[in-house]
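As a plain string of letters, each chain reads:
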Amino acid sequence: MTRSTNLVFLSERRDSMYPRSQGAGRLRKSLRESSKPLQIALGVFAVSLSFVAAEGRPPSHSGCSSAERVVPGKFVEVSEKAGVHFLHNANHTARKYQIETMGSGVGLFDCDNDGRLDLYLVNGASYPDPEPKGSVPLKNGPGDWNRLFHQKPDGTFEDITEKSGLKGIGLGMGVAIADYDNDGFEDIFVTAYGGNRLYRGIGNCTFVDVTEAAGLAQTPVAGDTWYTSATWVDLDNDGLLDLVVERYIKWDWEDVWCGEHREGYRGYCHPDHFPAIPMLVYHNDGNGHFTEVSHKLGLDKPAKALGIAIADYDRDGRIDLFVANDSMPEFLFHQKQDGTFEEVGIQSGVAVDAGGNAFAGMGVDFADYDNDGWPDLIVTDLSGQRYAIYRNRHDGTFEYSSDSTGIGAMSQPYSGWGLRFLDYDNDGWKDVLIAQGHDLDNIDKTRPNIHYRQPMLLARNTGKSFVDVSPISGALFKEGWVGRGMATGDLDNDGRVDAVVSTNGGPAYILHNQTATGNHWLSLRLTGHKSNRDGIGATVKLTTACGSQWATVTTSGSYLSASDPRVHFGLGKVDADAAIEIRWPSGIVQTLTTVGVDRQIQVDEPTESVPDRRIVKP
């Protein structure tokens, strides 16, 4: 995602915007030449499905909500008021090292089980200019620390970093949060350049570094240790969360001049200058130890991976993975019956855009935005490329829908990073919130029509398309930020989803959702017993008189970040009881009836597939 400054007009494809290697050109040509047979193949490609679909049934919110009416959001930036003071260290240098552009992640989770979300912010590290090859930057003091903020009963936060044991060690990148050992306390995995750390939660917001004991300490190999996003997911449905860790490129403080050879115009090099590198996948052995299994599972395809998201896109009962790649085809890993994976991005139609072009995939979310029961995809990229939204066709393939949904036109000027589908106005349709900002810090000098600092984007889902409501949704949408990571969750438990955004070389921002609509909502916190304790990978279906919605339980998606594990549904004007069906990773199917609205409920996994209302706790 790092770039040279040799740019041309905004509307051109990224391929022509930056110097590219001959290999990349051949790849793009081969993709275009194969587009016709691909379309034919996609037309006949099908995947067997294991449970009944809602095929052909349009969303049934007509008369139940005002989805097509323009409803502005109201998000207010409250980090100062909330007591969250953080400054990310991007450590910009004259040599324009790639890593300076990346930013860092955000984690929202409950570190002490008090029912309130707490906040974890990953930070970078200082290093000299130049930095010697083979070196790994270490944190030099409080200005480099990762930070844990505990939420107090009054909604403000206190910095408890030193007490928690989460200061970190190296140049931090991403965060993945879940209860990997099923002991009731959330655990934290932090990615970094040079090596990752696993912190086991032991209660009361305190953590112990168990990286070495868990088998996750990698022997540093120069150029192989740039880690980015990660996700906790139970790949084999054994009740234990496994860990997928992305790497970006093979890179070792390369001092390569890209851009114009005059002062102030040196730029960050295109990713084509650096080789791809496979992800790492760690199987949870159940005794506090992990074993690396990427090759065994077929997940070791070289990538330039920045974002990752999970869902069962073909509804066969097995979780699948999407990897957002930078300037090469995107990856969709489909899990086969034997538990191994095959990469099907090209066959499924999600590898490239409608013109057969690869793009700078950065952030991703994998959720059902059109309420048809099938997970869809959205991927952010660079200015001029347009964000990619792929609608699930129910047959194992996707349709590139950026133009028809309106996402393409509204995103044309922007570079997007962290994003999530979320229903900001609780009307029953998943909207999109996106953190934005270019990666070239001198882009305003070389191309005045593109800006380094860019506003947040809020796109409202009307049930038919998306409408940009950013200009009418609060003053913060008029501010320019260098947005990077973003996590979402209901910080104040008022039934409206909030967000926290990190910026590259800048502060973190808390976006408090104060949108007033009178719409109803429901939030679920799942606890697995046969399944993993967080219920990650479960599919939740909610049904009211106005139709159904679906969600996958996950903390991943976005960019380098981990979001609230609770599942949130907006219900529109429906104030009657809802029905819920949960398909747990264990295979257990649970049905809840007469569930009240405007509340958060705790749902425990039963021992078998039977309806059981008693396990619903307010």
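Residues numbered from 1 in each chain as written. Predicted model: local features only at pLDDT ≥ 70, side-chain atom pairs only at ≥ 80, totals over all residues. Heavy atoms only, no water.

Asker: Tell me what's going on with the overall build of the protein chain, and back it up with residues and numbers.
Answerer: Broken down by element type, the protein chain carries ten helices and 38 strands. Nonlocal contacts in the protein chain, meaning residues at least 24 apart in sequence, comprise 63% of its contacts between residues at least 6 apart. (Helix = DSSP H or I, 4+ residues; strand = E, 2+ residues; numbered from the N terminus. Contact = heavy atoms within 4.5 Å.)

Asker: For the packing of aromatic side chains, give the residues involved together with the corresponding values.
Answerer: According to the stated counting rule, one finds 25 aromatic pairs in the structure shown. Note on Tyr97 and Trp253: the rings are 5.1 Å apart at their centroids and 85° apart in plane angle, and the pair reads as edge-to-face. Of this pair, Tyr97 sits in the loop between helix H4 (79-82) and strand E2 (106-109) while Trp253 sits in the loop between strand E11 (242-247) and strand E12 (258-259), placing them 156 residues apart in sequence. In this structure an aromatic cluster arises from ring pairing among Tyr97, Tyr127, Tyr193, Trp226, Tyr248, Trp251 and Trp253. Directly above the aromatic system of Tyr265 lies the positively charged group of Lys445, at a separation of 5.2 Å from the ring centroid. (Phe/Tyr/Trp six-rings, centres within 6.5 Å; stacked < 30°, edge-to-face > 60°. Lys NZ or Arg CZ within 6 Å of the ring centre and 35° of its normal.)

Asker: Got a sec to walk through the layout of surface pockets? Specific residues and values, please.
Answerer: In this structure, the largest pocket encloses a volume near 540 Å³. Lining of the largest pocket is provided by 27 residues; of these, Asp110, Asn113, Gly115, Arg525 and Gln602 occupy positions nearest its centre. Those elements that provide at least two residues to the lining of the largest pocket are strand E31 (520-527) and strand E37 (599-604). Tallying contributions element by element places E31 first for the lining of the largest pocket, with five residues. Partitioning the lining of the largest pocket into residue classes produces eight nonpolar, eight polar and eleven charged. (1 Å grid on protein atoms, 1.4 Å probe; cavity = no way out; pocket = protein on both sides within 12 Å on 5 of 7 lines; lining within 4 Å. Points joined across faces, edges and corners; volume = space filled by probe spheres on them. Nonpolar A, V, L, I, M, F, W, Y, C, P; charged D, E, K, R; others polar.)

Asker: Let's hear about the pairing of strand E29 (residues 498-503): which residues, and what values?
Answerer: On a regular strand, one side chain projects to one face of the sheet and the next to the other, so that they alternate. With six of six residues buried, E29 is to be regarded as a mostly interior element. On E29, burial covers both faces: Asp498, Val500 and Ser502 on one face and Ala499, Val501 and Thr503 on the other are all buried. In the sheet, E29 pairs with strand E30 (residues 508-513) via four bridges, with the strands oriented antiparallel. Across the sheet, the residue bridging to Ala499 is Leu511, located in E30. Connecting E29 to the antiparallel partner E30 that follows it, the hairpin turn spans four residues, and Gly505 within it adopts a positive phi of roughly 75°. (Buried < 20%, exposed > 50% of the residue type's maximum accessible area, 1.4 Å probe, protein only. Pairing = 2+ DSSP bridges.)

Asker: Tell me what's going on with the nonpolar core, and back it up with residues and numbers.
Answerer: Within the largest apolar cluster, 37 residues are counted, with the highest numbers of intra-cluster contacts made by Phe189, Leu198, Trp232, Leu235 and Leu321. Only strand E6 (171-178), strand E10 (227-233), E11, strand E14 (280-284), strand E16 (305-311), strand E17 (320-325) and strand E18 (331-335) provide two or more residues apiece to this core. The biggest single contributor to this core is E10, with four residues. When sequence neighbours within four positions are dropped, the list of residues in contact with Leu235 reads Asp242, Val244, Val281, Leu297, Ile319, Leu321, Gln335 and Phe341. Formed by 23 residues, the second largest nonpolar core is a distinct cluster that contains Ile99, Met102, Tyr193 and Ile249. (Core = buried A, V, L, I, M, F, W, Y, C linked by side-chain atoms within 4.5 Å.)

Asker: Please give an account of the environment of Asp444 that cites residues and values.
Answerer: Within the secondary structure layout, Asp444 lies in helix H10 (residues 443-446). Residue class for Asp444 comes out partly exposed when judged on its relative accessible area of 35%. Excluding anything up to four places from it in sequence, Asp444 contacts Ile450, His451 and Tyr452. For Asp444, the side chain forms a polar contact with the main-chain nitrogen of Tyr452, separated by 2.9 Å. (Polar contact = N/O pair within 3.5 Å; in protein donor to acceptor, adjacent residues only side chain to side chain.)

Asker: So, empty space enclosed by the protein: which residues are in play, and what are the values?
Answerer: Under the defined criterion, the tally for this structure stands at seven cavities of 30 Å³ or more. If you add up the space inside the largest cavity, you get close to 410 Å³. Listed by contribution, the elements that provide at least two residues to the lining of the largest cavity are strand E20 (364-367), strand E24 (416-422), strand E28 (483-489), strand E33 (547-552) and strand E34 (567-572). Class assignment for the residues of the lining of the largest cavity results in eleven nonpolar, nine polar and seven charged.

Asker: So what's going on with the pairing of strand E4 (residues 147-151)? Which residues, and what values?
Answerer: With respect to burial, E4 is a largely interior element, five of its five residues being buried. Of the two faces of E4, the one lined by Arg147, Phe149 and Gln151 and the one lined by Leu148 and His150 are each fully buried. In this structure, strand E3 (residues 118-121) lies alongside E4, joined through three bridges in antiparallel fashion. Looking at the pairing, Leu119 lines up with Phe149 of E4. In this sheet, strand E5 (residues 157-159) lies alongside E4 in antiparallel orientation, the contact comprising three bridges. If you follow His150 over to E5, its bridge partner there is Glu158.

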